[in-house]
Amino acid sequence: MKRRVEGVILLKIICGFWWVFQFVRDCIVKMLRCECFCWHRHTDHGFSLPHPQPQPFSLPSPIPEWPPGRGFANGKINLGELEVVKIIKFESVWSCNLLSSEGVTFYKPVGIPDGFFCLGYYCQPNDQPLRGYVLVARARVASSQEVYCDCDSDSDLPALRKPVNYSLVWSTDYGNGCGFFWQPNPPVGYKAMGILVTDTADEPDVEEVRCVREDLTETCEILDTLLATDSNPFQVWSTRPCNRGMFGKGVSVGTFFCSTYFVPEEEELEIACLKNLDHTLHAMPNVNQIHALIKHYGPTVFFHPDEDYMPSSVQWFFKNGALLYEEGKLKGEPIDCWGSNLPCGGTNDGLYWIDLPADDDARNNVKKGNLESAELYVHVKPALGGTFTDIAMWVFCPFNGPANLKIGLMNIQMNKIGQHIGDWEHFTLRLSNFTGELWQVYFSQHSGGEWVDAFNLEFIEGNKPVIYSTRYGHASFPHPGTYLQGSVKLGIGVRNDAARSKYFVDSSSRYEIIAAEYLGDGVVREPCWLQYMREWGPTIVYDSRSEIDKIISMLPLFVRFSVENIFDLFPTEIYGEEGPTGPKEKDNWVGDER
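Treat the numbers as computed from the prediction; the structure is a model and nothing was measured.

Caption draft 1: Structural detail: the overall build of the chain. Secondary structure summary: the chain contains 6 helices and 39 strands in total. Counting across all 594 residues of the chain, residues that qualify as buried make up 53%. Per element, the accessible surface of the chain, about 27,000 Å² overall, is 52% carbon and sulfur.

Caption draft 2: Representation of the packing of aromatic side chains within the structure. Following the criterion strictly, the structure yields 36 aromatic pairs and no others. With centroids separated by 6.0 Å and ring planes inclined at 40°, the aromatic side chains of Trp66 and Tyr297 adopt a geometry described as tilted. Taken as a pair, Trp66 in the loop between β1 (47–48) and β2 (76–78) and Tyr297 in helix α2 (residues 287–297) lie far apart in primary sequence, 231 residues in all. We classify Trp66 as buried; its relative accessible area is 11%. Where Tyr133 meets Trp439, the ring centres are 5.7 Å apart and the plane angle is 75°; that geometry is what we call edge-to-face. With Tyr133 in the loop between β7 (122–125) and β8 (134–139) and Trp439 in strand β29 (residues 438–445), this residue pair connects regions lying 306 residues apart in the sequence. For the pair Tyr133 and Trp439, a shared accessibility class is recorded, and that class is buried. One aromatic cluster is present, formed by Phe317, Phe318, Tyr377, Trp394, Phe396, Trp424, Trp529, Tyr532 and Trp536 through successive ring pairs. The positively charged end of Lys86 is found above the aromatic ring belonging to Tyr133, 5.8 Å away from the centroid. Against the face of Phe399 rests Lys367, its NZ or CZ located 4.6 Å from the ring centre.

Caption draft 3: Structural view of α2. Among all positions of α2, only Gln289, Ile290, Leu293, Ile294, His296 and Tyr297 are buried. Considered in projection along α2, the buried side chains sweep an arc of 165° and stay on one side of the axis. Two or three places before Asn288, at the start of α2, stands the capping residue Asn286, its side-chain oxygen 3.3 Å from that residue's backbone nitrogen.

Caption draft 4: Seen up close, the sheet that holds strand β22 (residues 333–334). Read from one edge to the other, the open sheet built from 3 strands follows the order β22-β21-β23, with strand pairing classed as antiparallel. Single-partner strands in this sheet number two, and they are β22 and β23 (352–355). Bridge count for strand β21 (residues 323–326) against β22 is 2 bridges, and the pairing is antiparallel. Residue Leu323 lies in a different strand from β22, and its bridge partner there is Pro334.

Caption draft 5: Geometry of the nonpolar core. Core analysis: the largest hydrophobic core is formed by 33 residues, its most contacted members being Ile294, Tyr297, Val378, Ile391 and Leu438. Where this core is concerned, the elements lending two or more residues are α2, β20 (300–303), β24 (376–383), β25 (388–400), β28 (420–432), β29 and β37 (511–515). Per element, the largest residue contribution to this core is 4 residues, and it comes from α2. If near-sequence neighbours (up to four positions away) are discounted, Val378 is found in contact with Ile294, Ile391, Ala392, Met393, Tyr511, Glu512, Ile513, Ile514 and Ala515. One finds Tyr121, Cys123, Ala192 and Leu269 within the second-largest nonpolar core, a separate group that totals 32 residues.

Conventions adopted
Residues numbered from 1 in each chain as written. Predicted model: local features only at pLDDT ≥ 70, side-chain atom pairs only at ≥ 80, totals over all residues. Heavy atoms only, no water. Helix = DSSP H or I, 4+ residues; strand = E, 2+ residues; numbered from the N terminus. Buried < 20%, exposed > 50% of the residue type's maximum accessible area, 1.4 Å probe, protein only. Areas by Shrake-Rupley, 256 points an atom, 1.4 Å probe, with all protein chains shown as cover. Phe/Tyr/Trp six-rings, centres within 6.5 Å; stacked < 30°, edge-to-face > 60°. Lys NZ or Arg CZ within 6 Å of the ring centre and 35° of its normal. Arc of directions from axis to C-beta. Polar contact = N/O pair within 3.5 Å; in protein donor to acceptor, adjacent residues only side chain to side chain. Pairing = 2+ DSSP bridges. Core = buried A, V, L, I, M, F, W, Y, C linked by side-chain atoms within 4.5 Å. Contact = heavy atoms within 4.5 Å.

Function-wise, these values are silent; they only describe arrangement.
Okay, here's the thing in structure tokens:
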């Protein structure tokens, strides 16, 4: 007993020192307005010597020959009046290295096919493999047998025209030689698609690039900051279409935007993206090609070795006693294994919800799930104007376990906070429709998520990515480890643990395609349960005071927060849970990922 008391005292002392360290560090950080202490080589202009340039990235295994189709993976995509090709070979023009990063390099596309024209240059950080693209374009030939579009404009103007001239946006003589940034000035009725970079002060030839007729473009927005100088107000951003999602027509050109002034996120940029006016979406994969893509790229989903709440199939969930409740009725109704007696359509009006079996033994059995029956439910949809295919894979877990809270060095397993019935999680593969190559994977993580490029993924059995599902919460991550949802700086939040184990689902063989709207009516039969728009679990509101008091009692006296501050530090969703809705009620079913 004495040793146990001494251990508790020691733990509290350690936590106290940790909190003091955090407090002192945060105060110094605020005073100096920096995030960390480190030594740098100082220069007046914020540039350092260039680092080795990135090398090209390729997937672990060769891309197979896909089943025959119309326009998927044939190297070219028709956008209506324009035909585009993706260029992934580049020639370095200028690079620089900032104090805060490995720097960036600006590239000119090379190997452009005859008859196609450059629309802008490419830029990327030097601390990652060379993994990018720009589109080059030509006016389509209406008589070509490869054209699958009957869309023509009333305009008599050509689709592409040379710029009138260029405006010098910014220049510098630091970095790897000199860098000059030029924005094309388009003719009236046309839009520039990107920026050019040269290593001399000579204005580029107008033949170097083409501008696109305005009705063939859409607005774009800034995305990631690629370069920000210290001594000059100059920034470089990647861009993406403003209008995205399943019905979005905006096509990313792969170019960048730069400016010498602050650009608000909502401001319309001086460059644009392309618009896909081909309503047939001929570059999207057909059914046979979808199956081939899933078999080749289908990820393996690993669940934590200490996971108590496994996934299951929806059919298993229904067969093992899930009940449908209606407002005003005390007794639940058994659900047919296909969900045919669920109310379909409409919106989540709160009149119906699903719950676990009433019997305690059956209830506990369903909570555990059934890994043997689990499968991934697949939704296939166009992305970025049909130049990419998104394969969203949904996994269903009958139960989401309670949260594990991290308070500095302490970890506290909650009893009820964070748990709920009916947990839908997903991840999304984004594939290039030019080649069928895996480009990115989106990892859904509770109220947010992240896109991860292919070069940052783990792979298993060729080109199949690895997905790590966290213990109890089932959020998806690209690598094993502990992830904190909350205040990383203070070390307070919900702990998400991901690790490889013997519990896994291979989505390349255990999947069901539940929707692919672009293929047309009747091609993919959507299951009855997919049309259920209400909640897959009852609404729960927790009395969290007792569990919060438990947390406070474990903190050292001189660093205890008030109850109000504790509530502010943790994610709000752990204190109560409205029953989660199904895949079709999620924003990303039609829209882009967050």
